[in-house]
Amino acid sequence: MPILEVEHICKSFENTEVLKDISFSLEKSQVLSIIGSSGSGKTTLLRCLNFLEIPDSGVIRVHGDTVFDGQEESLLKENVIRKNRLHFGMVFQSFHLFPQYTALKNVMLAKELQAKKREDYKQKKKQILEEIRMEAEELLEQMGLKERMENYPHQLSGGQCQRVAIARALALKPDILCFDEPTSALDPELTGEVLRVMKGLARQKMTMVIVTHEMGFARDVSDQVLFMDNGYVLEHGSPDEVFGNPKEERTKQFLAGFFAG
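This structure is a prediction, so every number in the text was calculated from the model and none was measured.

Asker: Tell me about helix H5 (residues 158-171), and please be specific about residues and values.
Answerer: Spanning 14 residues, H5 covers 20 Å between terminal C-alpha atoms, matching the ideal 20 Å at 1.5 Å per step. Where H5 ends, the next residue or the one after it, lysine 173, has phi of about 55°, a positive value.

Asker: Residue-level account of the side chain of aspartate 229, with values.
Answerer: Of note, aspartate 229 is situated in strand E9 (residues 224-229). With a relative accessible area of 19%, aspartate 229 lands in the buried category. Excluding its chain neighbours within four sequence positions, the residues that come into contact with aspartate 229 are Ser40, Leu234 and Arg250.

Asker: Summarise the packing of aromatic side chains; cite the residues concerned and give the values.
Answerer: Here the structure, examined in full by the defined rule, presents 3 aromatic pairs. Measuring from centroid to centroid gives 6.0 Å for phenylalanine 98 and tyrosine 101, while their planes differ by 70°, and the two rings are edge-to-face. Taking relative accessible area as the criterion, tyrosine 101 reaches 27% and is therefore assigned partly exposed.

Asker: Give me the lowdown on the sheet that holds strand E10 (residues 232-237), citing residues and values where you can.
Answerer: Strand order in this open sheet of 6 strands is E6-E7-E8-E3-E9-E10, and the pairing throughout is mixed. A strand with exactly one partner marks an edge of an open sheet, and here the two such strands are strand E6 (88-91) and E10. Across this sheet, the average inter-strand angle for adjacent strands is 20°, counted without regard to direction. Taken together, the 5 bridges between E9 and E10 define a ladder with antiparallel strand orientation. The residue bridging methionine 228 from the neighbouring strand is valine 233, located in E10. Packed onto the sheet, H5 meets E6 and strand E7 (176-180) and runs at close to 170° relative to E6. Contacts between helix H6 (residues 188-203) and the sheet are confined to strand E3 (31-36), E7 and strand E8 (208-211), with E8 contributing the most and set at about 150° to the helix.

Asker: An account of helix H3 (residues 103-115) is needed here, citing residue identities and associated values.
Answerer: It helps to recall that an α-helix has 3.6 residues per turn; residues three or four apart then point in one direction. A rise of 1.5 Å per residue sets the reference length of H3, with its 13 residues, at 18 Å; its end C-alpha atoms lie 19 Å apart and thus fit the reference within 8%. Where H3 bends most, at leucine 109, the angle is about 40°. Ala103, Leu104, Asn106, Val107, Met108, Leu109, Lys111, Glu112 and Ala115 are the residues of H3 that are buried.

Asker: Can you break down the state of the cysteines residue by residue, with the values?
Answerer: Tallied over the entire structure, the rule returns 0 disulfides. Of the cysteine sulfurs around cysteine 178, a residue in no disulfide, the closest is that of cysteine 48, at 12 Å.

Asker: Pulling in residues and values, what's your account of the sheet that holds strand E2 (residues 16-26)?
Answerer: Ordered by their spatial adjacency, 4 strands build an open sheet running E2-E1-E4-E5, and the pairing between neighbours is antiparallel. The sheet terminates laterally at E2 and strand E5 (65-69), the two strands that pair on one side only. Adjacent strand axes in the sheet meet at a mean angle of 20° when their direction is disregarded. Relative to the sheet, helix H1 (residues 42-49) contacts strand E1 (4-13), E2 and strand E4 (57-62), its axis offset from that of E2 by approximately 60°.

Asker: Let's hear about the packing of H5 against H6: which residues, and what values?
Answerer: When two helices pack together, you describe them by how their axes are tilted relative to each other and by the distance separating the axes. With their axes 8 Å apart at the nearest point, H5 and H6 run at an angle of 25° to one another. The angle between H5 and H6 falls in the class roughly parallel. For the pair H5 and H6, the sense of crossing is right-handed. Counted together, Gly158, Gly159, Gln160, Gln162, Arg163, Ile166 and Leu170 of H5 and Leu190, Glu193, Val194, Val197, Met198 and Leu201 of H6 form the full contact between these two elements. Across the contact of H5 with H6, the residue classes break down as 7 nonpolar, 4 polar and 2 charged.

Asker: Would you mind going over the nonpolar core in detail, with residue names and values included?
Answerer: Counting residues in each nonpolar core, the largest one holds 42 residues, and the members touching the most others are Leu140, Ile166, Leu177, Phe179, Leu201 and Met208. At 8 residues, the largest contribution of residues to this core is made by H5. Filtering out sequence-adjacent residues up to four positions away, leucine 201 remains in contact with Gln142, Ile166, Leu170, Leu177, Phe179, Met206 and Met208. With 28 residues, the next largest nonpolar core counts Phe88, Met90, Leu226 and Met228 among its residues.

Parameters at a glance
- Residues numbered from 1 in each chain as written.
- Predicted model: local features only at pLDDT ≥ 70, side-chain atom pairs only at ≥ 80, totals over all residues.
- Heavy atoms only, no water.
- Helix = DSSP H or I, 4+ residues; strand = E, 2+ residues; numbered from the N terminus.
- Expected span 1.5 Å × (residues − 1).
- Buried < 20%, exposed > 50% of the residue type's maximum accessible area, 1.4 Å probe, protein only.
- Contact = heavy atoms within 4.5 Å.
- Phe/Tyr/Trp six-rings, centres within 6.5 Å; stacked < 30°, edge-to-face > 60°.
- Pairing = 2+ DSSP bridges.
- Axes fitted to C-alpha atoms, helices over the stretch in contact; angles between N-to-C directions.
- Bend = angle between axes of the 7 residues up to and from the residue.
- Disulfide = S-S within 2.5 Å.
- Parallel < 35°, antiparallel > 145°, perpendicular 65-115°, else oblique.
- Left-handed = near helix turned anticlockwise from the far one by under 90°.
- Nonpolar A, V, L, I, M, F, W, Y, C, P; charged D, E, K, R; others polar.
- Core = buried A, V, L, I, M, F, W, Y, C linked by side-chain atoms within 4.5 Å.

This is a description of form; function is not addressed.
Here it is, written out as structure tokens:
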């Protein structure tokens, strides 16, 4: 059974159709890269998976359980959406770290807020917070930031901030980790830092959905590649199929700009 199934997702903003009948599935431990020109619907699709945008219609399943159905009003309640959003971790283009908190606190914060809802929180507060801290420290060490845990975002490079953001997303142990062009705001050297971390996560069999303009990275790391154009999935297959032998003329035109020469 696929870990993620997306069926016939549509989304419009006013009179503009942004997503047009999007369907795909993803197996556990696979990496799916979503590529395409600006305005093709890639980020909107990712935001619909995370319920940062609510699709107009379609179905989303995680582990076989329906987490969104445009025809099922009970799944559209805010508390249900918040719960189902936890299946997905999200790493944004521009980090979205809290500037008033250290790297460590940024990673701990969501887990701390979640812990306060536990029935035993008052009795075990010290133990619970220590466990959260230890997990956050391990994640930051995994990101190569052992010496930067007590630094604030303004004291970190863009690449370091993005690695803190990845650790923060991992802290809630999502089923699927989503990236929205995580290197687009970084210079080439810092881009390499973040891509190395993402490749490491792929080797650890983290299930990931990545919107990216890094074509070489997508070709090397992905199990599946989805090419979007004008709100449609125009091509979907393995990296060898999409990059090596694209069927659609539009795909060939798009890739020619990256791999010319």
